[in-house]
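Examination of the molecular architecture
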Amino acid sequence: MCLKRKLTVAILSLFIAFELYSQALEYRNIGPSRGGRVTTVRGVDSQPNVFYMGATGGGLWKSENYGISWENISDGYFSSPSIGAIAVYQKDPNIIYVGTGSDAIRSNVIVGKGIYKSDDAGKTWEFAGLKEAGQIGALEIHPDNPEVAYAAVVGQPFRKSKERGVYKTIDGGESWEQILYHADSVGAVDLELAPDNPNIIYAAMWRAERKPWTIISGGATDGIFKSSDGGQTWKRLSKGLPTALFGKADLAVSKDNPARVWAQIQASEGQEGIYKSDDYGNTWEKIEMPENVHKSVMYRPFYFTNIDANPQNADNIWVGTKRTWTTYDGGGNWQEMVPPHADHHDLWINPIDTLVIICGNDGGAGISRDGGMNWTHQFNQPTAELYTCDVDDQYPYYLYSGQQDNSTIRVPSRTSGLNVLNSHDEHGLEKMMFWERVGGCETGPVVPKPGDPNIVYANCKGQFSVYNHTSGREQVYYVGAESLYGNHPGDITYRFQRVTPIEVSPHDPDVVYYGSQYLHKTSNGGVNWETISPDLTAYEPQYRMRSGEPIDEDISGEEYYSVLYAIQESPIQPGVIWTGANDGLIHLTKDGGKTWTNVTPEMPEGGRVSNIEASPHHAGKAYVAIYRDYLGDDSPYFYKTYDFGMTWIKITEGIPQDHPSRVLREDPDREGLLYAGTEFGIFVSFDDGSSWKSLQKNLPIVPITDINVFRKDLAISTLGRSFWVLDDISPLHSYDDQAMDSFKVFKPRNVNMDKQFIYFVLPDNPSDTIVNFEFKRGAEIIHNKEESLSKLPADDWGLRKTEWDLRHYLKNGEKDFRGPLVAPGTYEVTVTYGGKEQRHSFDFELNPDIKNAGVILTDLQEQEALALKVAKLYLAVDREIQSIEEQLKKVKVQKKKEQLQSKLAQLKKGPRRYDKPKLIDHIDYLYDMVTETQQKLGKDASLRYEHLHEKFKEYKNR
């Protein structure tokens, strides 16, 4: 990159930096951009390029370019990131209704918080009712009146709720009437309006409820219901439909044949399948299908079950579960289609051009413009559902997790500017973020070995492995080596749930702990395992069952109850190990597993111990987060102990009462500075949990599944929005909420990357409008800048921030020239405001990765010195060029003009791309070489500088 381009990029970078860091504390999304689960999609009939997708934890997204890029349009408006249904009023597509709460109620489902409505195509939103509805399976808008809409309310997934059923609004969401209700455990999962008569409504009623130990799907009162008068009265349809137990169903209609209704139905064995009615639902027939297709389309019906009909061809239907099938002759022949990802949840076909299709699946949303033969990729959707957040110790550090429905991943905390996936070529790839697989599978966790990030301890649904990143090989060491799927929990030796906890000892990187109902330990990478505990769970008999009732079993490991969910060894005292179970018990050993004590707090029974934080400051101090949402209790439960669990204190003051607890961490640099992640946000406490305040800032509403405090960064994983990093939390280490109304500069952290943040606060209603920042090395002033307060806005805490990119800034007229990077050393910043000044020092350290490449401090000092010389030479030549060009504008004598043009031609090339380079072009080229990266420079660099410097001297002496 030439120096001129670097100057342009530098200006752009400064603009971007202001935009991105205009608030003091802001989170940065680092990916992955590989999509997560999408369970509802829609498009716009008259705008074939416009699509909407609703993620299960990532909110609502919009594309206006056929899926080349997606933008979130729900952040700042929706109270829940789980999207269940989208409806667009096609006669005026500015009007959109969105229901929160996905109907794919697996164990990690996020509860919805009602319906939202937009009148400007998603630019802004208003809450439109049904806050307590829970999960919303479908929305339909009257085709001629957008004020009339219907909602299929599944209900609360983890408890009984009277808000279930079908609802209708006639005033655009101002109020809703429950027009079909069966019971507090039976809701509505789908709706369709007859294409030729919107007063004819079909509704699928479904008993659906999750427990930690089972999934309930179906019952005797479920079924398909019909109203012919806009929902005033209903009748159950039965002729030709399943007669025994009836479960989840999905419906489809087509304008091509308004009398036809399709249904995909979970039912008792032999009655499940695809059904068709050609008389508005009065009579039905079951479609006979090849056995392999039938088995495929009825796979895990509580989770999938989706059928859609082509608006122009009623014989063309699409049915999706793990695989996706289509038929063009009403079910006689079937063809498997291959969208971008398996596990299909929703599909929309454009009624004007039926080759245009959008599908929603476990990997995101894909768009086809040729009837499903080819699809857009789903690597531009940062909606990954991640369960944990572990980090390695390389530079930059990487974040590790299992991504639900994909693989394990690791992503860098910072990505190289030269990474092709961060290019700006407007080809759609600029939104992609780098990731790579690291053993195990979707569940994770994956924990890098301290001191050797190439070794990763991995899990896949209770199966332990060790991944070698250098070789790409994975060695498996399953504890007990038993097949886990399909078992009654009493029939297996070791009960492992899917996200089996892995804990690497903070005292020995070769010691790894792994949890079933017992605590297992290995000291040789899993080759040999030792069980070092008794059963550390309650294991109550009423919860021992084969999961899935009353129709289909579903035994995938999610519902293994009474298993360990959290393990942590004290970083202060070896052998002090805490364990927590998903049925609520907490145990402690102080002798490495020889003896154990039940130290469970006094709290409601059950509840998943989703994390334990052994204090980095005291061996007897610990914190726990208890997640009880899946028991129907959405209150937060955070506790702390000072005395090895003998007594516990509940610490939830300031956290909303509908925010279930997920994770809590203590800052290693400031005792009592805590971070808590909940189902709907993140909080901070400066007083060891006595009170909490929001730390949400620009972070979207999303479940915070894990937090890692590392190198004064806050790294977090989310269940729907990938990884985020809050860079540089050093101001929190001396933050005092009671002293935020006076001038104060927070001590900067030491850095080894080319960016330093300076945080400060000013008095309330500041009188001066300018702040001065001076950066020095010893007596040498490296950079001095003044900034207006208008460019340094205070955040909601009063914090302000500027940054220094650790570069020299050389005087060059009105604007300073952005020069080379400084060498590692000790630097001082002085901040002056209102006649007062405060100063702090910090170290710019040699980056360990650069050090490992053989570069030493003197190399970088020599590089800085030469780069400064080259930069000053460039500026001198540039000033000469500017002087000549100014003279040329004024001179009128031809001979004088020719003399000036001759001089200019020695310094600057002509306007054509391949004109011969002149002196400033050669200097530009050299500058690019000596500043490309931190390194030991070759001898040619200094020789070339001397040559160019001599050339300029000769020019001046002519």
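Residues numbered from 1 in each chain as written. Predicted model: local features only at pLDDT ≥ 70, side-chain atom pairs only at ≥ 80, totals over all residues. Heavy atoms only, no water.

**Details of the sheet that holds strand 33 (residues 446-449)**
The strand order across the open sheet built from 4 strands is 33-34-35-36, with neighbouring strands paired in antiparallel fashion. Strands at the two margins of the open sheet, each flanked by one partner only, are strand 33 and strand 36 (473-476). On average, adjacent strands in this sheet sit at an angle of 25 degrees to one another, irrespective of strand direction. Here strand 34 (residues 452-459) runs beside strand 35 (residues 464-468); their pairing, made up of 5 bridges, is antiparallel. Counted as the bridge partner of Tyr 457 is Val 466 from strand 35. (Pairing = 2+ DSSP bridges. Helix = DSSP H or I, 4+ residues; strand = E, 2+ residues; numbered from the N terminus. Axes fitted to C-alpha atoms, helices over the stretch in contact; angles between N-to-C directions.)

**Thoughts on the state of the cysteines**
In this structure the tally under the stated criterion is 1 disulfide. Note that Cys 441 is cross-linked by a disulfide to Cys 460, the S-S spacing being 2.1 Å. Of note, the bridge from Cys 441 to Cys 460 carries an S-S torsion of about 90 degrees and is right-handed in sense. Taken together, the positions of Cys 441 in the loop between strand 32 (408-412) and strand 33 and Cys 460 in the loop between strand 34 and strand 35 put the pair 19 residues apart, joining distant regions of the chain. With respect to class, Cys 441 is no different from Cys 460; both count as buried. (Disulfide = S-S within 2.5 Å. Buried < 20%, exposed > 50% of the residue type's maximum accessible area, 1.4 Å probe, protein only.)

**Notes on the UniProt feature "coiled-coil region" (unreviewed entry) in the chain**
Taken from the UniProt record, the annotation "coiled-coil region" (unreviewed entry) applies to residues 874-910. Each end of residues 874-910 is marked by a C-alpha atom, and these two atoms are 18 Å apart; helix forms 84% of the span and strand 0%. (UniProt positions renumbered as here; feature names shortened; annotations may be inferred.)

**With respect to the packing of aromatic side chains**
As enumerated under the stated definition, the model contains 36 aromatic pairs in all. For the pair Phe 496 and Tyr 514, a centre-to-centre distance of 5.4 Å together with 35 degrees between the ring planes defines the contact as tilted. Here Phe 496, found in the loop between strand 36 and strand 37 (502-504), pairs with Tyr 514, found in strand 38 (residues 512-515); they are 18 residues apart in sequence, far enough to count as distant. With a centroid separation of 5.3 Å and an interplanar angle of 85 degrees, the aromatic rings of Tyr 543 and Tyr 561 are classed as edge-to-face. Of the two residues, Tyr 543 is situated in the loop between strand 40 (530-531) and strand 41 (549-550) and Tyr 561 in the loop between strand 41 and strand 42 (564-569); the sequence distance between them amounts to 18 residues. For Tyr 543, a relative accessible area of 23% translates into the label partly exposed. We classify Tyr 561 as buried; its relative accessible area is 4%. (Phe/Tyr/Trp six-rings, centres within 6.5 Å; stacked < 30°, edge-to-face > 60°.)

**Considering the sheet that holds strand 59 (residues 770-777)**
Consider a sheet: its strands pair through backbone hydrogen bonds, and that pairing is either parallel or antiparallel. The antiparallel open sheet is built from 4 strands, whose spatial order is 60-59-64-65. Only two strands of the sheet have a single neighbouring strand rather than two, namely strand 60 (780-788) and strand 65 (836-844). Across the sheet, the mean angle separating the axes of adjacent strands is 20 degrees when strand polarity is ignored. Sheet topology note: the strand 59/strand 60 ladder contains 8 bridges and is antiparallel. When the sheet's bridge partners are listed, Phe 773 is paired in strand 60 with Lys 785.

**Observations concerning the pairing of strand 48 (residues 637-641)**
The side chains of a regular strand alternate, first on one face of the sheet and then on the other. Burial analysis of strand 48 places 5 of its 5 residues in the buried class, which makes it a mostly covered element. Burial along strand 48 is two-sided: Tyr 637, Tyr 639 and Thr 641 and Phe 638 and Lys 640, pointing in opposite directions, are all buried. When strand 47 (residues 622-627) meets strand 48, the two strands line up antiparallel, connected through 5 bridges. Bridging across to strand 48, Ala 622 finds its partner in Thr 641. As judged from the 2 bridges shared by strand 48 and strand 49 (residues 649-650), these two strands associate in the antiparallel manner. Directly across from Tyr 639, in strand 49, lies its bridge partner Lys 650.

**Regarding unusual backbone geometry**
Looking along the chain, the bond that leaves Gly 444 and enters Pro 445 is cis, with omega of -5 degrees. Along the chain, Pro 445 turns up in the loop between strand 32 and strand 33. For the bond running from Glu 549 to Pro 550, omega is -10 degrees, close enough to zero to count as cis. The topology assignment puts Pro 550 in strand 41. Its identity is not glycine, yet Ser 562 carries a phi of approximately 60 degrees, on the positive side. Residue position: Ser 562 is located in the loop between strand 41 and strand 42.

**Considerations on the nonpolar core**
Ranked by internal contacts, the top residues of the largest apolar core, which has 34 residues, are Tyr 202, Trp 206, Ile 224, Leu 241, Ala 263, Ile 265 and Trp 284. Among the elements that make up this core, the one with the highest residue count is strand 15 (residues 197-211) (5 residues). Those residues in contact with Tyr 202 that lie beyond four places of it in its chain are Asp 190, Leu 191, Glu 192, Ala 194, Phe 225, Lys 226, Leu 237, Leu 251, Val 253, Val 261, Tyr 280 and Gly 281. (Core = buried A, V, L, I, M, F, W, Y, C linked by side-chain atoms within 4.5 Å. Contact = heavy atoms within 4.5 Å.)

**Overview of the packing of helix 4 (residues 857-890) against helix 6 (residues 919-931)**
Remark: helix 4 packs on helix 6, axes separated minimally by 9 Å, with the N-to-C direction vectors making an angle of 155 degrees. If you check the angle between helix 4 and helix 6, you find them roughly antiparallel. Relative to helix 6, the crossing made by helix 4 is left-handed. Contacts from Gln 863, Leu 866, Ala 867, Val 870, Ala 871, Leu 873, Tyr 874, Val 877, Asp 878 and Ile 881 of helix 4 reach helix 6 at Leu 919, Ile 920, Ile 923, Asp 924, Leu 926, Tyr 927, Val 930 and Thr 931. (Parallel < 35°, antiparallel > 145°, perpendicular 65-115°, else oblique. Left-handed = near helix turned anticlockwise from the far one by under 90°.)

**Comments concerning helix 7 (residues 939-957)**
Note on helix geometry: an α-helix contains 3.6 residues per turn, so any two residues three or four positions apart are oriented the same way. The terminal C-alpha atoms of helix 7 lie 27 Å apart, and with 19 residues this matches the ideal 27 Å at 1.5 Å per residue to within 8%. Buried within helix 7 are the following residues: Ala 941, Tyr 945, Leu 948, Phe 952 and Tyr 955. Each buried residue of helix 7 sits inside an arc of 85 degrees when the element is viewed along its axis, so together they form one side. Projecting away from the buried face of helix 7 at angles above 90 degrees are the exposed residues Lys 939, Asp 940 and Asn 957. (Expected span 1.5 Å × (residues − 1). Arc of directions from axis to C-beta.)

**Overview of the environment of Asp 764**
Following the sequence through the fold, Asp 764 ends up in the loop between strand 58 (756-761) and strand 59. We classify Asp 764 as exposed; its relative accessible area is 55%. Residues Asp 764 and Arg 913, 149 residues apart in the sequence, show an inter-C-alpha distance of 55 Å. Asp 764 has contacts with Met 740 and Asp 741, leaving out every residue within four places of it along the chain.

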